[in-house]
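Notes for the structure review
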Amino acid sequence: MVTLEDIQSAQERLRGISLRTPLQRVRFPEGEVFLKPENLQPVGSFKLRGAYNKVASFSTEQRQRGVIAYSSGNHAQGVAYAARALGSRATIVMPNNSPPLKFEKTKALGAEIVIVGPSSDERKARAEELAREHGYALVPPYDDEAIIAGQGTIGLEIIEDLPDVNAILVCVGGGGMISGIAAAVKNLRPDCRVYGVESELGAKAKASFEAGRRIAFPADKTSRTIADGLRTQSVGECNFKHIQHYVDGFISVSEEEIRESVRRLAFDAHLVAEPSGAVPLAAALFHRDEFPSETNTVAIVSGGNIAPEMLTEILTQG
């Protein structure tokens, strides 16, 4: 299990690298929400925190051989950015259904891209194969203690800025962010409630939490959601241990609620969010009876890497 000290060490390592994102207080018709805009990070998502913490943990020799990651897009950019900042070379295995914008941004950061099919298991296997073949250091997207500690720095910042926070809503793909945030928050404020939020089309973490064991969904099922950052087939093993120990519950939201939350973030909060980044707000707006929502709710806006044409389509359909 990741400790509070691990997360605090990651916070020191990330000073001057990741942006200390502010809490933005927004009053929606449904109620007040504090937003944590991780879409403002240099790579457009929270993923920089964990990626940099992991790459920085490698020896100079490991970084000189190069690093490799597998990702649908945001982790790819985080690793590419971290590798470039630390003088390493990044190879990223990405699924063929990643948004073109995420391919382009990852390439622009200097990474070499290897494309595979849509299955998260397939890209993981290919990355591990290339790591063995070339001696690359592997940077997993979520199932790793250094990744979890880096993402947990979000939780430290929330407690520092809003000590009396009552509930935190976090989107869940593989579980790295919710693992880290929950570990940080529960060690500092045990009474604060932490909830994972997913699309109802691929709520594998909710199903796993309720069953008390990890459940994997097929790729064709998880790929149905517009929230491409949440299309992993299962939460990680290490992540599930943290979820079982720290997380209070899970909420699933509809695709239309996700789209409406992208619109609300743009028009009411002046934030550009990708669908995955809008998922927690969807819970805050439309599922307020499923968590203690009376005061001081924080929703993480995890990323803003949305294709212009998708953003236009979502904003004009409302």
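So, here is what we can say about the structure in this document. (Residues numbered from 1 in each chain as written. Predicted model: local features only at pLDDT ≥ 70, side-chain atom pairs only at ≥ 80, totals over all residues. Heavy atoms only, no water.)

1. Considerations on the packing of helix 2 (residues 47-57) against helix 4 (residues 74-85)
Packed helix pairs are specified by the crossing angle of their axes together with the interaxial distance, meaning the distance between the axes. Quick reminder of the rule: Here an axis means a line fitted to C-alpha atoms, over the contact stretch when the element is a helix, while the angle between two N-to-C directions is reported on a 0 to 180 degree scale. Helix and strand labels come from DSSP, where a helix needs a run of H or I of at least four residues and a strand needs a run of E of at least two; each type is numbered from the N terminus. Roughly parallel here means an angle under 35 degrees, roughly antiparallel means over 145, roughly perpendicular means 65 to 115, and every remaining angle is called oblique. A clockwise turn of the near helix away from the far one marks a right-handed crossing, whereas an anticlockwise turn of less than a right angle marks a left-handed crossing. Residue contacts are defined here by distance: any two heavy atoms, one from each residue, within 4.5 Å place the two residues in contact. Here the term charged refers only to Asp, Glu, Lys and Arg, the term nonpolar to Ala, Val, Leu, Ile, Met, Phe, Trp, Tyr, Cys and Pro, and the term polar to all other amino acids, Gly among them.
At a minimum axis separation of 8 Å, helix 2 and helix 4 run at an interaxial angle of 45°. Overall, the two elements helix 2 and helix 4 adopt an arrangement that is oblique. By crossing handedness, the relation of helix 2 to helix 4 is classed as right-handed. Counted together, Lys47, Leu48, Ala51, Tyr52 and Val55 of helix 2 and Asn74, His75, Gly78, Val79, Tyr81, Ala82, Ala83 and Ala85 of helix 4 form the full contact between these two elements. Per-class residue counts for the contact of helix 2 with helix 4 are nine nonpolar, three polar and one charged.

2. Observations regarding the side chain of glutamine 77
Keep this limit in mind: For the exposure calls, accessible area comes from a 1.4 Å probe over protein chains only, and a residue counts as buried if that area is under 20% of its type's maximum, exposed if over 50%, partly exposed in between.
One can find glutamine 77 in helix 4. On the accessibility criterion, glutamine 77 (2% relative accessible area) is buried.

3. Observations concerning the sheet that holds strand 8 (residues 193-199)
Definition in use: Should DSSP find at least two bridges between two strands, the strands are regarded as paired.
Spatially, six strands are ordered 1-2-10-7-8-9 in an open sheet, and the strand pairing comes out mixed. At either end of the open sheet lies a strand with only one pairing partner, and these are strand 1 (24-28) and strand 9 (249-253). Adjacent strand axes in the sheet meet at a mean angle of 30°, parallel and antiparallel pairs treated alike. As paired strands, strand 7 (residues 167-171) and strand 10 (residues 297-301) are joined by three bridges and run parallel to one another.

4. Some remarks on the state of the cysteines
Should the sulfur atoms of two cysteines be covalently bonded, the bond is a disulfide. Here is the rule we go by: Working definition: a disulfide is two cysteine sulfur atoms within 2.5 Å of each other.
Going through the model one piece at a time under the given rule, you end up with zero disulfides. Distance from the sulfur of cysteine 171, which forms no disulfide, to the nearest cysteine sulfur (cysteine 192) is 16 Å. Of the cysteine sulfurs around cysteine 238, a residue in no disulfide, the closest is that of cysteine 171, at 18 Å.

5. Some details on the nonpolar core
A general feature of soluble globular proteins is that nonpolar side chains tend to end up buried together. For clarity, the threshold we go by: Nine residue types can take part in a nonpolar core, namely buried Ala, Val, Leu, Ile, Met, Phe, Trp, Tyr and Cys, and a core is a set of them joined through side-chain atoms within 4.5 Å.
By size, the foremost hydrophobic cluster in this structure holds 70 residues, and its most contacted members are Leu35, Ile168, Leu265, Val298 and Ile300. Not counting chain neighbours up to four residues away, the residues in contact with isoleucine 168 comprise Ile158, Ile181, Val185, Cys192, Arg193, Val194, Tyr195, Val298 and Ile300. Counting 24 residues, the second-largest nonpolar core is a separate cluster that includes Tyr52, Ala82, Ile113 and Ile147.

6. A few points about the environment of isoleucine 168
Examined against the element boundaries, isoleucine 168 turns out to sit in strand 7. C-alpha of isoleucine 168 to C-alpha of asparagine 296: the two residues are 128 residues apart in sequence and 8.7 Å apart in space.

7. Considerations on the environment of tyrosine 136
If you trace the backbone, tyrosine 136 turns up in the loop between helix 6 (120-134) and strand 6 (137-138). On the basis of relative accessible area, tyrosine 136 is assigned to the buried category, the value being 14%. The spatial distance from the C-alpha of tyrosine 136 to the C-alpha of phenylalanine 34 is 40 Å, given a sequence separation of 102 residues. The contact partners of tyrosine 136, leaving out residues within four places of it in the chain, are Arg65, Gly66, Val67, Ile68, Arg89, Thr91, Leu130 and Ala131.

8. Some points on the pairing of strand 10
Among the five residues that make up strand 10, five are buried, leaving the element largely enclosed by the rest of the structure. In strand 10, alternate side chains face the same way, and those of Thr297, Ala299 and Val301 on one face and Val298 and Ile300 on the other are all buried. Of the strand pairs in this sheet, strand 2 (residues 31-37) and strand 10 are connected by four bridges, and their pairing is parallel. Looking across to strand 10, one finds that lysine 36 is bridged to isoleucine 300.

9. Thoughts on the sheet that holds strand 5 (residues 112-116)
Here we have four strands laid out as an open sheet, ordered 5-4-3-6, and parallel in their pairing. Looking at the sheet topology across the chains shown, the edges are occupied by strand 5 and strand 6. Strand direction decides the pairing type here: strand 4 (residues 90-95) and strand 5, joined by five bridges, are parallel. Among the inter-strand pairings, threonine 91 is bridged to a residue of strand 5, identified as glutamate 112. Most of the contacts of helix 6 go to strand 3 (residues 67-70), to which it runs at about 170°, and overall it touches strand 3, strand 4, strand 5 and strand 6.

10. Observations concerning the packing of aromatic side chains
Put simply, the test is: Geometry of aromatic contacts follows a simple scheme: Phe, Tyr and Trp rings, the Trp one being its six-membered ring, pair when their centres are within 6.5 Å, and the pair is stacked under 30 degrees between planes, edge-to-face over 60, tilted otherwise. In our convention, an over-ring charge means Lys NZ or Arg CZ found within 6 Å of a ring centre and within 35 degrees of that ring's normal.
Tallying each qualifying case throughout the model produces two aromatic pairs. Considering the side-chain rings of tyrosine 195 and phenylalanine 291, the 6.2 Å spacing of their centres and the 55° angle between planes classify their relative orientation as tilted. Of this pair, tyrosine 195 sits in strand 8 while phenylalanine 291 sits in the loop between helix 13 (275-286) and strand 10; the two residues are 96 residues apart in sequence, bridging distant segments of the chain. On the basis of relative accessibility, which here comes to 6%, the residue tyrosine 195 falls in the buried class. For the pair phenylalanine 209 and phenylalanine 250, a centre-to-centre distance of 5.2 Å together with 55° between the ring planes defines the contact as tilted. Of the two residues, phenylalanine 209 sits in helix 9 (residues 204-211) while phenylalanine 250 sits in strand 9, which places them 41 residues apart along the sequence. Lying over the aromatic face of phenylalanine 217, lysine 221 brings its terminal NZ or CZ to 4.3 Å of the ring centre.

From the geometry alone we can't say anything about function, so treat these as descriptive.
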